[in-house]
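Summary of the model geometry
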Number of protein chains: 2
Amino acid sequence: MAKNEQFVKAIADIETDFPQWYTDVVVKTKLVDYGPVKGTMVIRPYGYAIWENIQRELDSRFKANGVENAYFPLLIPMSFMTKEAEHVEGFAPEVAVVTHAGGEKLEEPLVVRPTSETIIGHMFGKWVESWRDLPLRQNQWCNVMRWEKTTRPFLRTSEFLWQEGHSVYASGEEAEAETLRMLALYREFAENVLCMPVLTGRKTEKEKFAGAVATYGMEAMMHDGKSLQSGTTHYMGQNFAKAFNVQFTDKDGALKYGYTMSYGVSTRLIGALIMTHGDARGLVLPPPVAPVQVVIVPIAQKKEGVLEACHVLEETLKNAGLRVKLDDSDNSPGWKFNEWEMKGVPLRIELGPRDIEAGKMLVFRRDTCEKQEVSSEHAAETVVAELAAMGNALFARAKARMQSRIVPANTLDELLAGVNGGNFVRAGWCGERACEDKVKEFAQATARVMDDHHDAATCVCCGKPARHTVFFARAY
Amino acid sequence: MAKNEQFVKAIADIETDFPQWYTDVVVKTKLVDYGPVKGTMVIRPYGYAIWENIQRELDSRFKANGVENAYFPLLIPMSFMTKEAEHVEGFAPEVAVVTHAGGEKLEEPLVVRPTSETIIGHMFGKWVESWRDLPLRQNQWCNVMRWEKTTRPFLRTSEFLWQEGHSVYASGEEAEAETLRMLALYREFAENVLCMPVLTGRKTEKEKFAGAVATYGMEAMMHDGKSLQSGTTHYMGQNFAKAFNVQFTDKDGALKYGYTMSYGVSTRLIGALIMTHGDARGLVLPPPVAPVQVVIVPIAQKKEGVLEACHVLEETLKNAGLRVKLDDSDNSPGWKFNEWEMKGVPLRIELGPRDIEAGKMLVFRRDTCEKQEVSSEHAAETVVAELAAMGNALFARAKARMQSRIVPANTLDELLAGVNGGNFVRAGWCGERACEDKVKEFAQATARVMDDHHDAATCVCCGKPARHTVFFARAY
């Protein structure tokens, strides 16, 4: 069957050429396409539907936490960027700049936002007057732009979609607590919605956000053992509050600067879940975000009663709140199996004349690629339970893989061997930038996050006493 | 009471200074604020929540119609803009241009999208191959930028949020039918969700979208009798398909150009509903999109049992799916009444010790500003019914106003008197651009839409036989 082969050949081998596998999968399943400007992507409906599901899940969590959505302008005066010294140093090399508009040269160039601390700081400075106005907690869903040299769909593109939350508190303790609370929210979301285990912890000074006092990160292990930064939260202290005059009159009548923090995740999460769960056949989508959770494939669909039974099943499942697709196209069942497997649909139900007669249906689960015959009575309950089981299994499988691939190291050679083997390396670090730079140079690995549970004795690089225990890895 | 007076004085008189009333209302109710770059706006949480409600209602309608969401890049190569001659002429004067990025001057300047026909045309050209790929119907929710000289929050800003839907069909008939179907969808949405009567119809050549064969518009009458264009749909024929090679192999094996159409509404709708329903006290928000549908104000809230009863009521209403706010702040009831009236909350429920004892509650309706005492039994049903009644009343009131303010005219003098009186003028037009220009010059009025029911005998300008019956008005 020609079309079948075409599919199988369409995707590079996941074990021997993972980068090409990724490119093949994201393009051929129509998640994404390349835009006409270098480094840009078009998010196609199948990819955008994943993003909508991510948005819905995260947005309801933010709102339940008391965060409100707003929208701030895309264009930021260049002068804003320079008000926080570290911030401009970090972002200036990556910005896109509007110099002309309305047929005229602008007096001041405008930066297309790479992130919005500056413009939101400016507005918060206008809005905050009294301790009664605090905390102020807002979030926006928007596009941002960072001009990158090397780009890959979802992972690193010049424009991407994200949410960025920004809060001001009266005290540093409260702002730091929010920084950790949002990190925990991201972790819960990653685990329960993306079925993706993560490591969370504080970033080193070298790896922190430009302008932050402290950055916390959420890192996930991809199929090839590399790490993907999947979300960050930042405690800014008074850096941005001072740069943008975010001041309030406290209960004691004194005028004080606020303490700010921010947090963000992006369409990069789509890349993260693809590279966490995907397999040789293509995508394996976590049920909570899959655009199609169940595909129904009729067998011998021209036989009387088959399509009718499929439609009844489709309605039953839709009424249970499931996202269902009945594939009644003219393609052969085999062609459909391949297509929907490549597209990562969690469950496939096959329904033919004999199944219908026997009151049964065949359920294929995408993660195990196993079929089982089940009664078609209580179909909705069966499917809901199977989707939940698959979500749990995806998480357990990814977690077991990550745990088995976190190795210790006492020396740079051990660290190099570890990352060469596709592992995260857990090792001591003295806290000196020189040693962190040496690790990068020697092993092309970076400090992803520091472990909250510090127990390493010596620095993996210089052998001096360790001040931190760090997860080192190669990273996207 | 000082704070009360402050509120009353805060808003200019709606009858004598409507423009200032509008500015006061949008800023003081915290719907919006001015951004640091001229002509930009910040949509604050109270305004953004209205947008989210608009999005949810429209998005579900698009999806029910089979349209899928996607996301296309913000930056468009300048060369794309010039591929459709009328399009570039219309939009070139308004675009913002990125000339530098990543620290370097770009080889080709990039336009910040003012609309996405060109870049979406380019992608559709890549994706469409066969008649099996048609129709292709996609929509995106995004920001767009049009550099305007005179700006007002929501109505005209250099950046705004919108949705833009784009479809390709195999035949012109189908694409035209979709253009009219989406116009009807917008109208149904305006009437049922925004409680806003509209006139719909085809635009004149002068007023059509740059690059379209035909544009259809939805116009609403504002409080001052001016018209606000609130949504448009465009039939493009093969103009963009030819410019971007959107070609398909038809069933007969021949290679043919597709026919495209597009449609959009924006955050301008927020301005439309404010200026349709607002009154001397401030906003009057249609229940389907109000961020807070019901505010509960406790009376003598320190008395035992009052806050408890308010919380019970709050839960009851929330469980019925309503958006409810219990204002248990320290402000006086009078202060709260003023604040929530200015913010346009549809219903206010006052609950004090005597009400609780009597099993009653006082319900204030924002549109009529009348209070009635009702039983607190079946509170949810009562409130749901009252919100529905208010929605119907808002629509009926606005519709009656619009109908009473559409006047006929046989001469330019009558037309001028009509628009001077704050009316829409329904009059004949010969179809010549010269007459349309003359009306603009003489009466500062433009052809908003042409009436489907053409019955005028002579052109209001030249007196020759009328080819169309047109609604002329001054417009935002």
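Every value quoted in this text rests on a predicted model; they were computed, and no experiment measured them.

As a further point, take the domain arrangement of chain A. All names here are of chain A. Domain parsing of chain A yields domain 1 (2–277), domain 2 (294–388) and domain 3 (406–473). Between the C-alpha centres of domain 1 and domain 3 there is a distance of 27 Å. Listed per partner, the contact involves 16 residues of domain 1 and 14 residues of domain 3. Grouping the amino acids of the side of domain 1 that touches domain 3 by side-chain chemistry returns 2 nonpolar, 6 polar and 8 charged.

We now examine the interface of chain A and chain B. Taken residue by residue, the interface counts 40 residues in chain A and 40 residues in chain B. Tallying contributions element by element places strand 5 (residues 96–101) of chain A first for the side of chain A that touches chain B, with 6 residues. Here the residues of the side of chain A that touches chain B sort into 24 nonpolar, 10 polar and 6 charged.

Once that is clear, we can look at the relation of the copies chain A and chain B. Overlay of chain A on chain B (RMSD 0.0 Å): rotation 180°, translation along the axis 0.0 Å. Those values place the two copies in the arrangement expected of a two-fold rotation axis. Residue V98 of chain A of chain A places its C-alpha closer to the rotation axis than any other residue of that unit, at 2.1 Å. Mapped onto chain B, 100% of the interface residues of chain A are again interface residues, and the two copies thus contact each other with one and the same surface.

Before going further, it helps to spend a moment on the sheet that holds strand 6 (residues 104–112) of chain A. Reading across from one edge, 4(A)-6(A)-5(A)-5(B)-6(B)-4(B) is the order of the 6 strands in this open sheet, with antiparallel pairing throughout. Strands with a single pairing partner mark the edges of an open sheet, and in this sheet they are strand 4 (75–77) of chain A together with strand 4 (75–77) of chain B. Direction aside, neighbouring strands of the sheet carry axes that sit 45° apart on average.

Residues and elements named next belong to chain A. The element strand 8 (residues 159–169) is extensively covered by neighbouring structure, given that 10 of its 11 residues are classed as buried. Alignment of strand 7 (residues 136–145) against strand 8, held across 10 bridges, turns out to be antiparallel. Following the sheet pairing, C142 is matched in strand 8 by W162. With 8 bridges joining them, strand 8 and strand 14 (residues 259–266) adopt antiparallel strand pairing.

In this structure, the amide linkage connecting L134 of chain A to the following residue, P135 of chain A, adopts the cis form with an omega of -10°. With respect to the helices and strands, the residue P135 of chain A is situated in the loop between helix 6 (117–127) and strand 7. With phi around 70°, F154 of chain B is a residue other than glycine that occupies positive phi space. Relative to the assigned elements, F154 of chain B resides in the loop between strand 7 (136–145) and strand 8 (159–169). Looking at F154 of chain B, the number of C-beta atoms within 10 Å reads 26, which means it is buried. Backbone geometry places H378 of chain B, a non-glycine residue, at a positive phi of 50°. Its location among the elements puts H378 of chain B in the loop between strand 19 (370–375) and helix 13 (379–404).

Right, let's get into helix 14 (residues 412–420) of chain B. Residues and elements named next belong to chain B. Among the residues of helix 14, L415, G418 and V419 are the ones counted as buried. Down the axis of helix 14, the buried set is contained in an arc of 90°. They therefore lie on one face. As for helix 14, its buried residues are in contact with strand 20 (406–408), strand 21 (424–429), helix 15 (433–443) and strand 23 (468–473). G422 sits one or two residues past helix 14 and shows a positive phi near 80°.

Reading guide: rules and limits
Residues numbered from 1 in each chain as written. Chains lettered and ligands numbered in written order. Predicted model: local features only at pLDDT ≥ 70, side-chain atom pairs only at ≥ 80, totals over all residues. Domains from an automatic or database assignment. Contact = placed C-beta atoms within 7 Å. Nonpolar A, V, L, I, M, F, W, Y, C, P; charged D, E, K, R; others polar. Helix = DSSP H or I, 4+ residues; strand = E, 2+ residues; numbered from the N terminus. Least-squares fit on C-alpha atoms with pLDDT ≥ 70 in both. Pairing = 2+ DSSP bridges. Axes fitted to C-alpha atoms, helices over the stretch in contact; angles between N-to-C directions. Buried ≥ 20, exposed ≤ 12 C-beta atoms within 10 Å, placed from the backbone. Arc of directions from axis to C-beta.

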